[in-house]
Amino acid sequence: MTRADLTKNPADVSTMFDGVAGRYDLLNTVLAFGQDRGWRTAMVEALDQPKGSGARVLDVAAGTGTSSAAIARAGHRVLASDFSAGMMAEGRKRQPHIPFVGADATNLPFTSDSFDAAVISFGLRNVVEPRKALSEMARVVKPGGTVVVCEFSTPNNRAFRHVYSRYIMGMLPHVASQVSANGAAYSYLAESILAWPDQEGLREWFLELGLERAQYRNLSGGIVALHRGYVPHA
C-alpha cells in the first residue's frame, strides 16, 4: 500500500482492516495507553442526546462496535455501519445485541432525516472522500440533530507535537508488530494520523457543509479532538 494521503483506495483500506479485526481493539487500548475508554465516554456526551432517551444514532465506520456499545449503554438505539466485512464479523461476535449494516460512508444506504445523531470515531481519515462522508452523515440526521467526529488530531503543545510525531511514526508500528501479524497496517495508520487536518481545518469542513455551532473539544492535550455540528432547520 502506498503512503497515506487523502485519496485512499477503498479496497486496500477494507482489506487492511479485515486483516487486523481480531486484535484491533486490544491494540487500540495498548497504543492509547488506556485512554480510549475516556475518549468514548466523551464521544457519547458529545452526541448531545439525553441519556436513556432512546435516540436513534448511526455509528459510521463502527468497526467491531466498541463505540456502538458505549452509545447503547447510554440508552440510545444505535446502528453500527462499516465497510469492512472482517470488522463487522468480529463486531457481531462481540456485540450480538447491536445491529450491523454493511455501508459505504460516502453513500450511506439510509433515507434523509432518519437519525437523531451520527458519529464516526477514528474512521473519517480512512474514508476515500472524507468530506463526502461528512456530508452523508449530515444528510441522514434530522434537523437539529448532531454530527460528531472523534478523531486523532494535532497536540496543542509544540514540543509535545514533536515527541508525539516520533511516537506515531516509530513506536506505534513497532509495538503493533509485536502483537499483530500486520504491522504494515499500523505504519499506514500512523501516516494517516499525521496527514490529517488539524482541529481548525476539520472545523472548516463542518462550516462548509452548513453545520451550525461547529465546535471542537481537545482530549488528551489534542491527541484526539471531538468535533460537533448541528444540522440546520430548513
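Definitions and limits used
- Residues numbered from 1 in each chain as written.
- Predicted model: local features only at pLDDT ≥ 70, side-chain atom pairs only at ≥ 80, totals over all residues.
- Heavy atoms only, no water.
- Core = buried A, V, L, I, M, F, W, Y, C linked by side-chain atoms within 4.5 Å.
- Buried < 20%, exposed > 50% of the residue type's maximum accessible area, 1.4 Å probe, protein only.
- Helix = DSSP H or I, 4+ residues; strand = E, 2+ residues; numbered from the N terminus.
- Contact = heavy atoms within 4.5 Å.
- Pairing = 2+ DSSP bridges.
- Arc of directions from axis to C-beta.
- Axes fitted to C-alpha atoms, helices over the stretch in contact; angles between N-to-C directions.
- Parallel < 35°, antiparallel > 145°, perpendicular 65-115°, else oblique.
- Left-handed = near helix turned anticlockwise from the far one by under 90°.
- UniProt positions renumbered as here; feature names shortened; annotations may be inferred.
- Phe/Tyr/Trp six-rings, centres within 6.5 Å; stacked < 30°, edge-to-face > 60°.
- Lys NZ or Arg CZ within 6 Å of the ring centre and 35° of its normal.

S.K.: Quick question: what am I supposed to make of the nonpolar core here?
M.R.: It is characteristic of soluble globular proteins that their nonpolar side chains tend to be buried jointly. I71, F152, V224 and L226 are the most contacted members of the largest nonpolar core, which totals 30 residues. Those elements that place two or more of their residues in this core are α3 (36-46), α4 (66-73), β2 (77-82), β4 (115-121), β5 (141-152) and β7 (224-230). When residues of this core are assigned to their parent elements, the largest contribution, five residues, is made by α3. If near-sequence neighbours (up to four positions away) are discounted, V224 is found in contact with W39, F122, C150, E151, F152, S153, R217, N218 and L219. Counting 27 residues, the second largest nonpolar core, distinct from the first, contains L108, I120, L124 and V140.

S.K.: Sorry if this is basic, but what is going on with the pairing of strand β6 (residues 212-219) here?
M.R.: Each regular strand carries side chains that alternate between the two faces of the sheet. Relative to β7, β6 runs antiparallel, the two being bridged by six bridges. Bridging from a neighbouring strand, Q215 pairs with R228 of β7. Turn length for the β6-β7 hairpin, with the two strands adjacent in sequence and antiparallel, is four residues, and the turn residue S220 shows positive phi of about 55°.

S.K.: Before we go on, may I ask you to explain helix α5 (residues 85-94) in this structure?
M.R.: The periodicity of an α-helix, 3.6 residues per turn, causes residues three or four positions apart to be oriented the same way. Of all the residues in α5, the buried ones are M87, M88, E90 and G91. Angularly, the buried residues of α5 cover 160° about the axis, an arc narrow enough to put them on a single face. Residues of α5 that are exposed and point over 90 degrees away from its buried face: A85 and K93.

S.K.: It is not clear to me how the packing of helix α6 (residues 130-140) against helix α9 (residues 199-208) should be interpreted in this structure. Could you clarify?
M.R.: A pair of packed helices can be characterised by two numbers: the angle between their axes and the separation between those axes. Running from N to C, α6 and α9 point in directions that differ by 50°, and their axes come no closer than 10 Å. By the criterion of interaxial angle, the relationship of α6 to α9 is oblique. For the element pair α6 and α9, the recorded crossing hand is right-handed. Contact residues: α6 offers P130, R131 and L134, while α9 offers W205, F206 and E208.

S.K.: Before we go on, may I ask you to explain the UniProt feature "binding site: S-adenosyl-L-methionine" (unreviewed entry) in the protein in this structure?
M.R.: UniProt tags T64, D82, D104, A105 and S121 as "binding site: S-adenosyl-L-methionine" (unreviewed entry). By secondary structure assignment, the location of T64 is in the loop between β1 (56-60) and α4. Tracing the sequence through the fold places D82 in strand β2. Discounting chain neighbours no more than four positions away, the residues touching D82 are A61, A62, G63, M87, M88, V101, G102 and A103.

S.K.: Explain the sheet that holds β7 here, please?
M.R.: Sheet strands line up and pair through hydrogen bonds in the backbone, either parallel or antiparallel. The mixed open sheet is built from seven strands, whose spatial order is β3-β2-β1-β4-β5-β7-β6. With one partner strand each, in any of the chains shown, β3 (100-102) and β6 form the two edges of the open sheet. Going across the sheet, the axis of each strand differs from the next one's by a mean of 20°, ignoring polarity. Sheet topology note: the β4/β5 ladder contains six bridges and is parallel. Bridge assignment links A118 to a residue of β5, and that residue is V147. Where α9 meets the sheet, it contacts β5, β6 and β7, and its direction lies at approximately 155° from that of β6.

S.K.: How should the packing of aromatic side chains be read in this particular structure?
M.R.: Aromatic ring pairs are reported here in terms of the distance separating the ring centres and the angle at which the planes meet. For the structure on display, the rule yields five aromatic pairs. On the basis of an interplanar angle of 90° and a centroid distance of 6.0 Å, the ring pair of W39 and F152 is categorised as edge-to-face. Of the two residues, W39 is situated in helix α3 and F152 in strand β5; the sequence distance between them amounts to 113 residues. Just as W39 is buried, F152 falls in that class too. Put simply, the rings of W39, F122 and F152 pair up and form one aromatic cluster. Positioned above the aromatic ring of Y230, the side-chain terminus of R213 is 3.8 Å from the ring centre.

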